[in-house]
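# Observations on the model geometry
Here is what each chain is made of, one letter per residue.
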Amino acid sequence: MKKNVYPDNINNGRRRNKLNNLRVAASIATLFTAGAIIMGGLILSFNSLDVFSVPLLFVIAGLLVTLFFFVRRELKISQYWLIVLALMALGSGVLVSLLPTYLQGLHVHGIIHRSFVSGLLLLAFGLSGVYYSLFYRLSAKPRAFDVARYPIIIFFTITALVAYSLIVIHIVQNGVVQWQWSLFTTAFQSQSHIIETWQNGWPTFSVNPIYRAGILNHIIGTLMLMFLTSVISLPIGVSVGVFIHEYAGAKLGGIINFSTTALRSISGIILAVTAIDLLAVPKLGTLWFSIFHGFGHDVNGMIQYGRSSFLFASAFISLLVIPVIAKSTQEGLNSIPVDVREGSLAMGASKDFTLFHLQLPWSLPNIITGLMLGCAEAAGALTIIFLLSGVGQYGVSPLNETTSLAYLIFDIKFWQSLGDPVSNLKNSQFVVAFVLLIMTVGFTTIALILKRNLSKRYKGV
Amino acid sequence: MITDTKKINDQIALSSTGRAVPGGIMTRSLEIYYRNNKVIKGLDIIFPPGKITAIIGPSGCGKTTLLRSLNRLSELTNGCNVKGQIMLDGEDILNMDPMLLRRRVGMVFQKPNPFPKTIRENILYGPKALKLKVDHDMVVRTCLEKAALWNELKHRLHENAFKLSIGQQQRLCIARTLAISPEVILLDEPASALDPVSTASLETSILAMKGEYTQIIVTHNMNEARKVSDYVAFLYMGNLVEYGETDKVFNHPERPETRDYINGKFY
């Protein structure tokens, strides 16, 4: 006689009653294991809850063994994994109860509370226990395979989401507290005005310190960096992409492709080292020195040179952005059907016309995505910015000293560590972070809207 | 192997005296290679001007390759090599500028391939690409009328071409080709992706253009070939097996292969 795989379907009253026993056991096990996950998270945060860990582990072990016997009786399957898991939970409980409250020695140079171990163990047994108990709670149907995995997937998803939202909440909360409107209307300035007066026929100099706290120049500087980086990297990146796709053969294209991908993965710090060496090459007073370093006039009318100019910094950032744009251009060109391109050529259109009126418009959404990623890098994700920027108090034109919000956050932290008594900015790093967050989110949104509209217009989708 | 050359030559003479229709194509010992593989093996054929010629034959016999070589689109395929002569109104197309040639020899593809633009822009793409000085509204209207699309689409000119049905897209591709006023139109299995209703309207469009353009149509559909074409060429393994007037080829084929293929008994 054929064995019934899904006992749920049996309409026998006695059996259904017994099956309910398995369901009840599985439900209780699900509840406890889910509780163990929550408790594990709590124990990792609060050491005092550690006392619950050992009993909970023993309870889980007991529930798993019960589940094993119910499964064996009802479904005629010996699910030995449950026993193994139960034994492991039991062993872990014993291990945790044997551990001293604080772990020291054993080359651990520090003090770790026992709850660290017990919390992680509870999470592990909780997650695996939920999987099994939920599986049998859903009467071991094929669909239960899928559903029983949901809690594990959802747990990790929620962990990631909570981490991100905590960061955003932290920045917004502190940013709102530290918010000063004056920061947005003032450009940062920290200079000394030297006043020359004549007394008894002799010149006397007195110093009048000028200090203005503000982030206006840093905001404009960030936008300037984004703009210059786009202007430099867009034509070059698109040209490289078009060249690889249209003109280079398989071999040359492969070589260029490989090298751009390799260049893409170069860390910004490696470029920054080169950039700093390059900055030292031109002699003071030469044209190249002015272009590389950037210059401006201070309140006394003296020329002041900076660390590096916007033009120089964005040229170096472009080196990292060009491969991204080239790659996305190529992807865009690849996605156009061969038929459509041949259709254009078959009308007698030149390759050039086809490229500019058909292929590039089609690839525009891809190119915009590449540019968006590039701009996000220019805005603050790059190490290169920290090493090439200054406070930029002498103006924001392409030939002034580079400055950006990302650098300012770093700089404010630096002042704090020095205990700078002058700076009003020292308590406003979260405002800066908030502004940077708004700018990044804003640019991403604009780019996405643009991408969608372009897709609709040029691809009809 | 050309069986009916004399009659066709008479036809050419007739058309050149009666109505001056340009666009006669003649090949002389045409050979096409894909790398070392000979796809077309010495072909001599005449496509008379102003007429519809159907090329039939089993898959892989070189129909599409032949068609693509007539406007030198085969050059875009890597490793494709054309030898021999293809004459368009007495000029060897292999010595012509490919862009000027493609302006005279338009092509409609197997799968509808409208440009990702509006219907109007699709029609005007050719004139813009070739910098033709034409009245845009006029061109759009006449081309759509010739392709029997004007009544359906006159209120939808600014919609994206992808929103049209697949049959309308294919007829739009024909209308688009007409905008550069070619002499020859190559149709590469234009109805293979269409349902019977769309196929019927496509055939109407093709028949409406008869006499004004030389049309060469590759097809797997015997009914279509019988319905629209004036002449039929049967190609097998890169060779021209039979060529003649449609009625004659379909009703009284000379070669047994042709008869078998037409009756669907082929190998």
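Here we summarise the structure given alongside this text.

The rules we used
Residues numbered from 1 in each chain as written. Chains lettered and ligands numbered in written order. Predicted model: local features only at pLDDT ≥ 70, side-chain atom pairs only at ≥ 80, totals over all residues. Helix = DSSP H or I, 4+ residues; strand = E, 2+ residues; numbered from the N terminus. Rg over C-alpha atoms; globule rule 2.2 N^0.38 Å. Buried ≥ 20, exposed ≤ 12 C-beta atoms within 10 Å, placed from the backbone. Contact = placed C-beta atoms within 7 Å. Nonpolar A, V, L, I, M, F, W, Y, C, P; charged D, E, K, R; others polar. Pairing = 2+ DSSP bridges. Axes fitted to C-alpha atoms, helices over the stretch in contact; angles between N-to-C directions.

We now examine the overall build of chain B. A tally of regular secondary structure across chain B gives 11 helices and 10 strands. For 267 residues, the compact-globule formula gives about 18 Å, and the C-alpha radius of gyration of chain B, at 18 Å, lands near that figure. Taken along its principal axes, the extent of the C-alpha atoms in chain B is 50 × 40 × 40 Å. The 267 residues of chain B split such that 48% are buried. Contacts spanning at least 24 positions in sequence make up 70% of the contacts within chain B whose residues lie at least 6 apart.

Attention now moves to the interface of chain A and chain B. With 18 residues of chain A at the contact, the number on the chain B side is 22 residues. Of all the secondary structure elements, the ones that give two or more residues to the side of chain A that touches chain B are α13 (338-346), α14 (351-381) and α17 (429-459) of chain A. Broken down by element, the side of chain A that touches chain B gets its largest block of residues, seven residues, from α13(A). Its residues assigned to classes, the side of chain A that touches chain B comprises 10 nonpolar, five polar and three charged.

As a further point, take the sheet that holds strand β10 (residues 239-245) of chain B. Residues and elements named next belong to chain B. The six strands lie next to each other as β6-β7-β8-β3-β9-β10, forming an open sheet whose pairing is mixed. The outermost strands of the open sheet, each flanked by one partner alone, are β6 (105-108) and β10. Within the sheet, the average angular offset between the axes of one strand and its neighbour, ignoring direction, is 15°. Relative to strand β8 (residues 214-218), strand β7 (residues 184-188) runs parallel, the two sharing five bridges.

Let's shift gears to the sheet that holds strand β5 (residues 91-92) of chain B. All names here are of chain B. With respect to topology, four strands assemble into an open sheet ordered β2-β1-β4-β5, the strand pairing being antiparallel. Each edge of the sheet is formed by a strand with only one pairing partner; in this case those strands are β2 (37-47) and β5. Strands β1 (25-34), β2 and β4 (80-88) of the sheet are contacted by helix α2 (residues 63-70), whose axis makes an angle of about 65° with β2.

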